[in-house]
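# Breakdown of the fold
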Amino acid sequence: QRKAWGVRPMDPGITNPRVYLETTLAVRRLKVMQEDQAIAEIREVRRRISEECDHDPRKLITYYKELQLRHQERMLRPEESKEEKRKY
């Protein structure tokens, strides 16, 4: 079977190419909708935080710095060098 670049082979359970295409497109649309919903929720939270800080950049920076201090255990750290790891 010849494969076209960027096209996945058809599922053996689906014999009609049109059904395969419609199914594939529906799955892709659903995935995009889910991603869009997650992004919309993130933007809503950011909007509320900005509103609480009166949309003032200085207040926002202070808010996020305090948040970082409160949740230091969640912050990602750059990897230690090999020499620093040997000390422990």
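What you see is a predicted model; the values in this text were computed from it and never measured.

Below, the discussion takes up the pattern of salt bridges. Evaluation of the coordinates by the stated rule reveals 4 salt bridges. A salt bridge links R48 to E44; the shortest N-O distance between them is 3.4 Å. Note that R48 and E44 are positioned in helix α1 (residues 17-52) at a spacing of 4 residues, about one turn of the helix. Owing to a relative accessible area of 42%, R48 belongs among the partly exposed residues under this scheme. Across the pair D54 and K59 runs a salt bridge, and its minimum N-O distance is 2.9 Å. Take D54: its relative accessible area is 52%, and that puts it in the exposed class.

Bringing the side chain of S50 into the picture now. With respect to the helices and strands, the residue S50 is situated in helix α1. Residue S50 is classed as buried on the basis of its relative accessible area of 15%. When neighbours within four sequence positions are excluded, S50 is seen to be in contact with H55 and L60.

Under the 1.5 Å per step criterion, the end-to-end length of α1 is 53 Å for 36 residues, consistent within 8% with the ideal 52 Å. Inspection of α1 places Y20, T24, I49 and S50 among the buried residues, and these make up the whole buried set. Those residues of α1 hidden inside the fold are in contact with α2 (57-70). A positive phi of about 55° marks D54, the residue just after α1.

Calculation criteria
- Residues numbered from 1 in each chain as written.
- Predicted model: local features only at pLDDT ≥ 70, side-chain atom pairs only at ≥ 80, totals over all residues.
- Heavy atoms only, no water.
- Salt bridge = Lys/Arg side-chain N within 4 Å of Asp/Glu carboxyl O.
- Helix = DSSP H or I, 4+ residues; strand = E, 2+ residues; numbered from the N terminus.
- Buried < 20%, exposed > 50% of the residue type's maximum accessible area, 1.4 Å probe, protein only.
- Contact = heavy atoms within 4.5 Å.
- Expected span 1.5 Å × (residues − 1).

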